[in-house]
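# Report on the structure
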Amino acid sequence: MECSHRYPAYPTQGVAAELERHIDIHRQAYNYTLYEYENVDAEDIGSAYKHHSRLPDWKDEFPIFSEVNSKALQRTVTRFYHNLDGLSEKKQNGRKVGKLKWKSPREFQSMTFSQSGFELKNTSGRHATLWLSKIGDINIRYHRDIPDEASIKEVTVKKETTGDWFVSFGLESDEADRPEKPDVDSLDSSNSIGVDLGILNYIHTSDGKTVDWLDLEDKYERLRREQRKLSRKQKGSNNFEKQRREVAKVKRHIRRKVLDYQHKITTWLVREYDAVFVEDLDVKGMLEDSHNARNKQDAAWRQFISLLEYKGELYGTHVVQVEPEGTTKECASCGVETAKPVWVREHSCPSCGLECDRDANAAMNVLQRGFSELGLGWPEDTPVETALPTDTTQVSAKRVVEAGSLGA
Ligand SMILES: [Zn+2]
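The rules behind each value
- Residues numbered from 1 in each chain as written.
- Predicted model: local features only at pLDDT ≥ 70, side-chain atom pairs only at ≥ 80, totals over all residues.
- Helix = DSSP H or I, 4+ residues; strand = E, 2+ residues; numbered from the N terminus.
- Contact = placed C-beta atoms within 7 Å.
- Domains from an automatic or database assignment.
- Nonpolar A, V, L, I, M, F, W, Y, C, P; charged D, E, K, R; others polar.
- Pairing = 2+ DSSP bridges.
- Axes fitted to C-alpha atoms, helices over the stretch in contact; angles between N-to-C directions.
- Parallel < 35°, antiparallel > 145°, perpendicular 65-115°, else oblique.
- Left-handed = near helix turned anticlockwise from the far one by under 90°.
- Core = buried A, V, L, I, M, F, W, Y, C linked by C-beta atoms within 7 Å.
- Buried ≥ 20, exposed ≤ 12 C-beta atoms within 10 Å, placed from the backbone.
- Expected span 1.5 Å × (residues − 1).

## Some details on the overall build of the protein chain
Helices and strands together make up the secondary structure of the protein chain, namely eleven helices and 15 strands. Overall, the protein chain is about 85 × 55 × 50 Å in size when its C-alpha atoms are taken along their principal axes. Look at the contacts in the protein chain between residues 6 or more apart in sequence, and 67% of them connect residues 24 or more apart.

So, in structure tokens, the structure goes:
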């Protein structure tokens, strides 16, 4: 399994200049690969693997290619073939596509070290050091730990259009090192949890926690302000470019905040429970009206679920998506459906008399569906009324951000 972690990087001026110089050599290597691909008729051209064998000749002919890490140079050749694959995929899907073009410096702002030529050091604090071969040390803000089980497969260094530097680590966890998921038969209502993804920007768990979504209203306000400013600039002017970077910066800031927040919640869930059940959004999306706000929230929940699944693998936790239809209407105790408009916050069953919070009922349904998805029945000695928490604990976004957990 693979994923990547991204960190802001703060190279010194000297190192930044070296990074730029190396990236530009990689850009020339990329363009030269394209040139050979189109103009040279030879056995060893046509796949990344074969094309790698030309690199010694390149270095003889153009000594500049010896100045960068050779694995990274191979990776750049591979990047060309990746792009080529991407292009032919689009073509197969009936899209009109052109040819791959030479990259200008503006279009080529990153390089990737693969397997060797890098080392991550001093990871105990909030900052860490990334060493790159033929370049040196780079200070990075280490705001998120790389899990012990994961190994770093590659490192990409990128200069954003804002001028900021980032490094991202491509991680791979070793199958053998991964913790095994607990036996399905060992799951019960105390070590499993159903999570209701609220339309109103929060989650509600079957054990009675509600977790608020991050309040980003001031950030969105700032984004709107910067976008308004952009709309007043002359397109193509220097000021336009400057303002465009400003907008990109705010957007990235929001994305990062949301991602960090979701990392914290998902890590807590998979650490705390043996099984986590959530609604299947792909089905849910088709059932509900697609309001714009709803779509936006769906995208956030999708990211939340994919993080959850990834971490389930990493920590050895079952993560299962369940059928979402009717989780709100259905009574968690007797199964009778009652229509509920969104403003009715209570579940009050006309059939069996169960009374609880609307979302608690939904989360409990998600939990039960998760059990049956895994081939388990609801434990008979646990009536739903007793499994339902007696009250709700509200966890503020601030507490999640500061403590990094939802626990008390
Ligand atoms: Zn009922």
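## A word on the domain arrangement of the protein chain
Here the protein chain is partitioned into domain 1 (2-173) and domain 2 (180-403). The C-alpha centroid of domain 2 is placed 36 Å from the C-alpha centroid of domain 1. Contacts between domain 1 and domain 2 engage seven residues on the former and six residues on the latter. Residue composition of the side of domain 1 that touches domain 2, grouped by class: two nonpolar, three polar and two charged.

## Observations concerning the sheet that holds strand E10 (residues 209-212)
Across the sheet, which stays open at both edges, the six strands sit in the order E12-E11-E8-E9-E10-E15 with mixed pairing between neighbours. The sheet is open, and its two edges are formed by strand E12 (318-322) and strand E15 (393-395), each paired on a single side. Here the average twist between neighbouring strands, direction ignored, is 20°. Direction of pairing for strand E8 (residues 192-197) relative to strand E11 (residues 275-279): parallel, over a ladder of four bridges. By the bridge assignment, Ile 193 is partnered in E11 with Val 276. This element, helix H9 (residues 358-373), spans E8, strand E9 (202-205), E11 and E12 of the sheet and lies at about 130° to E8.

## A short note on the packing of helix H5 (residues 217-231) against helix H6 (residues 238-272)
Contact geometry of H5 with H6 gives a least axis separation of 9 Å together with a crossing angle of 165°. Taken as axis vectors, H5 and H6 run roughly antiparallel relative to one another. Helix-helix and strand crossings are classified by hand; for H5 and H6 the assignment is left-handed. Mapping the contact onto sequence places Lys 219, Arg 222, Leu 223, Glu 226, Gln 227, Lys 229 and Leu 230 in H5 and Gln 243, Arg 244, Glu 246, Val 247, Val 250, Lys 251, His 253 and Ile 254 in H6. Considered class by class, the residues forming the contact of H5 with H6 number five nonpolar, three polar and seven charged.

## Details of the environment of Arg 358
For Arg 358, the position within the fold is in helix H9. Taking the C-alpha atoms as reference points, Arg 358 and Arg 6, separated by 352 residues in sequence, lie 38 Å from one another. The contacts of Arg 358, once residues within four sequence positions are left out, are Thr 328, Lys 340, Val 344, Arg 345, Glu 346 and His 347.

## Quick look at the nonpolar core
In this structure, Val 195, Val 276, Phe 277, Val 278, Leu 308 and Val 366 are the most contacted members of the largest nonpolar core, which totals 37 residues. The contact partners of Leu 308, leaving out residues within four places of it in the chain, are Thr 266, Leu 269, Val 270, Val 276, Val 278 and Val 319.

## A look at the pairing of E11
Across the five residues that make up E11, a large majority, five, are buried. A two-sided burial pattern is seen for E11, the buried positions comprising Ala 275, Phe 277 and Glu 279 on one face and Val 276 and Val 278 on the other. Where E11 and E12 come together, five bridges link them in parallel fashion. Paired with Phe 277 across the strands is Val 320, a residue of E12.

## Notes on H6
The end-to-end C-alpha distance of H6, which contains 35 residues, comes to 51 Å, matching closely the 51 Å that a straight helix rising 1.5 Å per residue would cover. If you check which residues of H6 are buried, you get Gln 262, Lys 264, Ile 265, Thr 266, Thr 267, Leu 269 and Val 270.

## Regarding the environment of Pro 324
Among the secondary structure elements, Pro 324 is positioned in the loop between E12 and strand E13 (346-348). On the neighbour-count criterion, Pro 324 (24 C-beta atoms within 10 Å) is buried. Sequence-wise, Pro 324 and Asp 196 are 128 residues apart; in three dimensions their C-alpha atoms are separated by 9.6 Å.

## Describing the packing of helix H1 (residues 13-39) against helix H4 (residues 70-92)
Packing of H1 against H4 leaves a shortest axis separation of 9 Å and a crossing angle of 45°. One finds that H1 runs oblique with respect to H4. As H1 packs across H4, the resulting crossing turns out to be right-handed. Contact residues: H1 offers His 26, Ala 29, Tyr 30, Thr 33 and Leu 34, while H4 offers Leu 73, Thr 76, Val 77, Arg 79 and Phe 80. Residues that form the contact of H1 with H4 fall into these classes: six nonpolar, three polar and one charged.

## Focus: unusual backbone geometry
Residues other than glycine seldom take positive phi values, yet Asn 122 does so here, at roughly 50°. Locating Asn 122 in the fold gives a position in the loop between strand E3 (118-121) and strand E4 (127-132). Positive phi is not limited to glycine here, since Lys 134 has a value of about 65°. Mapped onto the secondary structure, Lys 134 falls in the loop between E4 and strand E5 (136-141).

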